Amino acid sequence: MPDEPLLELVDLVTTYRLRRAEVHAVAGVSLSVGAGETVGLVGESGCGKSTIARTIVGLVKPSAGQVLFEGRDLATLPARELRRLRQEIQLVFQDPYASLNPRMTVAALLKEAWRIHPGIVPRRDWDAEVRDLLARVGLRPEHADRYPHQFSGGQRQRISIARALTVRPRLIVCDEAVSALDVSVRAQILNLLQELQRDLGVAYLFISHDLGVVHHLCDRVAVMYLGKIAEIGPKAEIYQRPAHPYTQALLSAAPAVDDWRDVDRAEIVLTGDVPSPLAPPSGCRFRTRCFKAEDRCATEEPALLDRGGGHPVACHFANSTTVPATPH
Amino acid sequence: MTLDTITRLPLRAHLAFGTVLLFVAAGVLGPLLAPFDPTRTSPQDRLSPPGSTLSDGTTAWLGTDQVGQDLLAEVLAGMRTSLTVAVVTVLIGGGVGLLLGLLAGYFGGWSDGIISRVGDIQLAFPSLLLAILLAGVLGPSMVNVIIALAVTRWVIFARVVRGSALAVRDREFVHSARVMGASPARIMLYYILPSCLPPLLVAATVQVGLTMVAEASLSFLGLGVPTTQASWGSTIAQGRDYLASAWWIAAVPGLALALVVVAIGILGDLLRDASDPMTELS
């Protein structure tokens with residue numbers, strides 16, 4: 001990891017205001033992404049992954065904490081600077097059917113950024129640049145004049161990626177970017193993302209619930225549960241030696257197709273549902289479903305610390321070797 | 001629209017479209033065919049029934065009024081007034097409504113609060129009552145009639161546009177434009193506006209018809225265009241005193257108004273069906 005991270009989240013809290021209550025969708029998350037690095041963010045749906053993505057790109061305002069890009073706090077930047085800096089961070093959405101304006105041709109979608117930010121590409125080079133971008137993401141030049149509805153899901157995601165690349169970003173946040181795609185198409189898009197990283201040095205914050213995909217792509221992995229990070233570390237450590245009971249449960253439940261399953265492990269089945277983020281449990285947020293939970297977990301919230309396993313874990317009993325009582 | 005789809009349109013579409021076209025042509029070309037001069041009277045020809053030959057040898061196909069003016073000329077000139085007022089009112093009211101509806105729908109929050117509440121308050125009054133009040137204060141002139149009617153109409157357009165804007169503003173492609181750094185003005189113009197236009201067009205069509213009725217109502221009450229300009233409303237008002245002896249004075253402009261408003265209403269319905277992909281034209 002380089003000295004100064006490209007993106008750094010410091011104690012980020014993002015709150016949604018409901019009619020009568022406030023939901024802390026993201027409840028104090030610290031995370032960093034280095035230049036050219038790929039960080040995976042995994043967790044169940046509703047754990048706040050997408051809210052983190054939306055906060056980073058500025059669609060939602062954080063209610064506390066900071067989003068730092070190259071050490072500069074996005075919240076305190078003047079509007080002009082912010083607009084320029086926003087180009088550096090782009091978002092690829094989950095649903096390629098909804099994220100492209102249906103009334104714009106591919107060429108118009110790609111040129112849009114250059115219309116908004118004059119100076120990225122001189123106007124006379126627009127057509128050539130569109131061809132280059134299309135070629136880069138594996139589309140043909142004649143696709144430029146077509147509309148989004150004339151493409152398949154995979155092709156549309158390629159268009160979304162090309163669109164993100166138009167502003168020459170240094171970080172692309174992929175919010176479940178391949179989850180809506182068929183398995184074969186998914187592999188193609190993942191390879192495309194890797195290729196782009198090799199060629200352009202772009203960093204990814206890759207948000208997914210798919211452990212296999214994250215394992216394939218990421219250098220480091222953060223596991224989220226109910227608005228907080230449960231465990232974060234290098235991919236190999238997380239997959240080989242998960243220390244948080246939630247990570248252990250997730251990995252044991254993932255289908256056995258990849259190498260991390262070589263370590264034979266008893267399957268852990270979590271009981272109960274994810275508690276409502278409106279009223280998170282006291283102490284450790286995971287304790288209501290945890291097989292290691294003890295009294296201490298209800299009163300004392302575990303900090304995200306390296307507890308001897310080599311990477312930070314938010315669990316009091318990260319090192320205990322309690323084997324869960326298998327319900328089967 | 002290809003020739004094929006035009007021929008497959010239902011009969012009422014052809015009838016309605018033909019009627020509207022005929023009226024528009026009559027309004028535009030009418031003064032050339034039968035010039036209307038509000039100051040010229042011809043007492044010996046007064047109250048002649050439709051089809052009678054007048055003292056100057058011409059035929060009054062729709063009869064004459066109480067001062068001997070040819071009703072055909074009067075109705076054609078009235079058509080022109082009616083059409084001008086309705087179209088300009090809808091353009092102004094629609095423009096204002098579009099702008100305010102976009103602001104309210106896209107930004108939400110306090111701008112939506114203010115615009116929607118003002119609209120609600122205004123809709124609590126019967127719109128004609130408000131128009132009467134405004135026209136009464138402003139005095140009779142075509143410009144004032146247009147102002148009075150536009151003030152009563154903008155709310156309807158604003159509501160239609162606000163609804164469409166609300167439906168589009170949280171679509172992902174709009175978020176994606178924001179992430180790209182697009183300004184709110186650009187997002188409204190290129191991302192929100194295109195989705196608002198079809199329902200706005202439907203509303204505008206229907207409102208042209210209703211505005212014609214409103215203009216006639218104001219003129220009927222003497223609050224519309226000045227008496228030097230022909231209006232269906234004022235012609236009907238004059239004919240009211242002669243319903244028993246010369247029914248055609250009130251009936252001819254009344255019938256014209258009814259015909260054109262119904263035809264425009266049908267067109268509006270067709271447009272609505274056409275803009276909604278879920279309904280088939282039948």
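Residues numbered from 1 in each chain as written. Chains lettered and ligands numbered in written order. Predicted model: local features only at pLDDT ≥ 70, side-chain atom pairs only at ≥ 80, totals over all residues.

Undergrad: In this structure, what is going on with the overall build of chain B? I would like to understand it.
TA: In terms of regular secondary structure, chain B is built from 10 helices and 2 strands. What you see in chain B, going N to C, is helices and strands ordered as α-α-β-β-α-α-α-α-α-α-α-α. Dimensions of chain B along its principal axes, counting C-alpha atoms only, are 75 × 50 × 30 Å. Across the 282 residues that make up chain B, the buried fraction comes to 43%. Taking as baseline every contact in chain B between residues at least 6 positions apart, the subset at least 24 positions apart corresponds to 69%. (Helix = DSSP H or I, 4+ residues; strand = E, 2+ residues; numbered from the N terminus. Buried ≥ 20, exposed ≤ 12 C-beta atoms within 10 Å, placed from the backbone. Contact = placed C-beta atoms within 7 Å.)

Undergrad: Mind showing me how you'd approach the overall build of chain A here?
TA: Counting secondary structure elements, chain A contains 10 helices and 12 strands. Taking 20 Å as the expected radius of gyration for a compact globule of 328 residues, we find that chain A reaches 21 Å, a close match to that expectation. Based on the C-alpha atoms only, the size of chain A along its principal axes is roughly 70 × 45 × 40 Å. (Rg over C-alpha atoms; globule rule 2.2 N^0.38 Å.)

Undergrad: So what exactly am I meant to see when it comes to the confidence of the model for chain A here?
TA: One rule of thumb: low pLDDT means the predicted coordinates there are not for detailed reading. Residues of chain A with pLDDT of at least 70 account for 93%, and the chain-wide mean is 88. The least confident element of chain A, judged by mean pLDDT, is helix α2 (residues 79–86) of chain A at 84; the most confident is strand β3 (residues 38–42) of chain A at 96. (pLDDT = per-residue confidence, 0-100.)

Undergrad: Before we go on, may I ask you to explain the nonpolar core in this structure?
TA: Across soluble globular proteins, nonpolar side chains have a tendency to be buried as a group. Grouped together as the largest cluster of nonpolar side chains are 164 residues, with contacts concentrated most on L171, V173, L205, F206, V223 and I229 of chain A. Beyond its immediate stretch of four places on either side in the chain, V173 of chain A contacts A53, I56, V57, I89, L91 and L205 of chain A. (Core = buried A, V, L, I, M, F, W, Y, C linked by C-beta atoms within 7 Å.)

Undergrad: Mind showing me how you'd approach the interface of chain B and chain A here?
TA: Buried accessible area, meaning the area lost when the parts come together, often serves as the stated size of an interface. If you look at the interface, chain B gives 13 residues, while chain A gives 19 residues. Mapped by element, the contributors of at least two residues to the side of chain B that touches chain A are α7 (172–179) and α8 (184–220) of chain B. The class makeup of the residues in the side of chain B that touches chain A is 6 nonpolar, 3 polar and 4 charged. (Nonpolar A, V, L, I, M, F, W, Y, C, P; charged D, E, K, R; others polar.)

Undergrad: How should I be thinking about the sheet that holds strand β4 (residues 64–69) of chain A in this particular structure?
TA: In a beta sheet, neighbouring strands are held together by backbone hydrogen bonds and run either parallel or antiparallel to one another. Residues and elements named next belong to chain A. Pairing is antiparallel in the open sheet, where 4 strands are placed in the order β2-β1-β4-β5. At either end of the open sheet lies a strand with only one pairing partner, and these are β2 (22–33) and β5 (72–73). The pairing of strand β1 (residues 7–17) with β4 spans 5 bridges and is antiparallel. Bridge pairing in β4 links V13 to A64. Strands β1, β2 and β4 of the sheet are contacted by helix α1 (residues 49–56), whose axis makes an angle of about 70° with β2. (Pairing = 2+ DSSP bridges. Axes fitted to C-alpha atoms, helices over the stretch in contact; angles between N-to-C directions.)

Undergrad: Help me understand the confidence of the model for chain B, please; the structure alone is not making it clear to me.
TA: When pLDDT is averaged along chain B, the result is 88, and 95% of the positions lie at 70 or above. Scoring of the predicted complex yields 0.81 for pTM and 0.84 for ipTM.

Undergrad: Would you mind showing me how to read the environment of G309 of chain A here?
TA: Residues and elements named next belong to chain A. Among the structural elements, G309 can be located in the loop between β11 (305–306) and β12 (312–313). Overall, the presence of 17 C-beta atoms within 10 Å leaves G309 in the partly exposed class. In sequence terms G309 and A243 are 66 residues apart; their C-alpha atoms lie 7.1 Å from each other. Those residues within four positions of G309 in sequence are excluded, and the remaining contacts are R241, A243, A318 and N319.

Undergrad: What's the story with the environment of P226 of chain B in this structure? I'm lost.
TA: All names here are of chain B. By the element assignment, P226 lies in the loop between α8 and α9 (232–239). Residue classification places P226 among the partly exposed residues on the basis of 16 C-beta atoms within 10 Å. Those residues in contact with P226 that lie beyond four places of it in its chain are P140 and S141.

Undergrad: Which parts of the structure should I look at to understand the pairing of strand β6 (residues 89–92) of chain A?
TA: Along any regular strand the residues' side chains alternate between the sheet's two faces. All names here are of chain A. The alternating pattern of β6 places I89 and L91 and Q90 and V92 on opposite faces, both of which are buried. Bridging between β6 and strand β7 (residues 171–175) involves 4 bridges; their strand directions are parallel. The residue of β7 that forms the bridge with Q90 is I172.

Undergrad: Sorry if this is basic, but what is going on with helix α6 (residues 142–169) of chain B here?
TA: For an α-helix the count is 3.6 residues per turn, leaving residues at separations of three or four pointing the same way. Residue and element names in this part refer to chain B. With 28 residues, α6 should reach 40 Å at 1.5 Å per residue; the first-to-last C-alpha distance of 38 Å fits that figure. Of all the bends in α6, the largest measures some 35° and sits at R153. Taking burial as the measure, the 28 residues of α6 include 20 buried ones, the bulk of the element. (Expected span 1.5 Å × (residues − 1). Bend = angle between axes of the 7 residues up to and from the residue.)

Undergrad: In this structure, what is going on with the packing of α8 of chain B against α9 of chain B? I would like to understand it.
TA: Between two packed helices, the angle of one axis relative to the other and the distance separating the axes together describe the packing. Residues and elements named next belong to chain B. Between α8 and α9, whose axes approach to 6 Å, the crossing angle comes to 45°. Our classification of the angle between α8 and α9 gives oblique. Considering only the axes of α8 and α9, their crossing is right-handed. Contacts between α8 and α9 pair E215, A216, S217, L218, S219 and F220 from the former with W232, G233, S234, I236 and A237 from the latter. In terms of residue class, the contact of α8 with α9 is made up of 6 nonpolar, 4 polar and 1 charged. (Parallel < 35°, antiparallel > 145°, perpendicular 65-115°, else oblique. Left-handed = near helix turned anticlockwise from the far one by under 90°.)

Undergrad: What am I meant to see in helix α4 (residues 126–136) of chain A here?
TA: Residues and elements named next belong to chain A. For α4, the complete set of buried residues consists of V130, L133 and L134. The buried residues of α4 all sit within an arc of 100° when viewed along its axis, so they share a single face. Summarising the geometry of α4, the exposed residues directed more than 90 degrees from the buried face are A128 and A135. In this structure, the buried residues of α4 make contact with α3 (106–116) and α5 (153–165). Immediately downstream of α4, the backbone of G138 shows phi near 85°, a positive value. (Arc of directions from axis to C-beta.)

Undergrad: Quick question: what am I supposed to make of the packing of α8 of chain B against helix α10 (residues 248–275) of chain B here?
TA: All names here are of chain B. Between α8 and α10, whose axes approach to 8 Å, the crossing angle comes to 170°. Classified by the angle their axes make, α8 and α10 are roughly antiparallel. Note on element contacts: α10 touches α8 through L257, V260, V261, I264, G265, L267, G268, L271, R272 and S275, opposite P198, P199, L201, V202, T205, V206, V208, G209, M212, V213 and A216. Within the contact of α8 with α10, the residues separate by chemical class into 15 nonpolar, 5 polar and 1 charged.

Undergrad: Please clarify how unusual backbone geometry should be interpreted in this entry.
TA: Both trends apply: most residues other than glycine have a negative phi, and most peptide bonds are in trans. Residue and element names in this part refer to chain A. For E176, which is not glycine, the phi dihedral falls at a positive 50°. Residue placement: E176 occurs in the loop between β7 and α6 (183–200). You will see that L226, though not glycine, has its phi angle at about 50°, which is positive. Along the chain, L226 falls in the loop between β9 (220–225) and β10 (228–234). A tally of 23 C-beta atoms within 10 Å means that L226 is categorised as buried.

Undergrad: Can you walk me through the environment of S55 of chain B in this structure?
TA: Residues and elements named next belong to chain B. Along the chain, S55 falls in the loop between β1 (52–53) and β2 (59–60). The spatial distance from the C-alpha of S55 to the C-alpha of S42 is 8.6 Å, given a sequence separation of 13 residues. Setting aside anything within four residues of it in sequence, one finds S55 in contact with S42, Q44 and D45.

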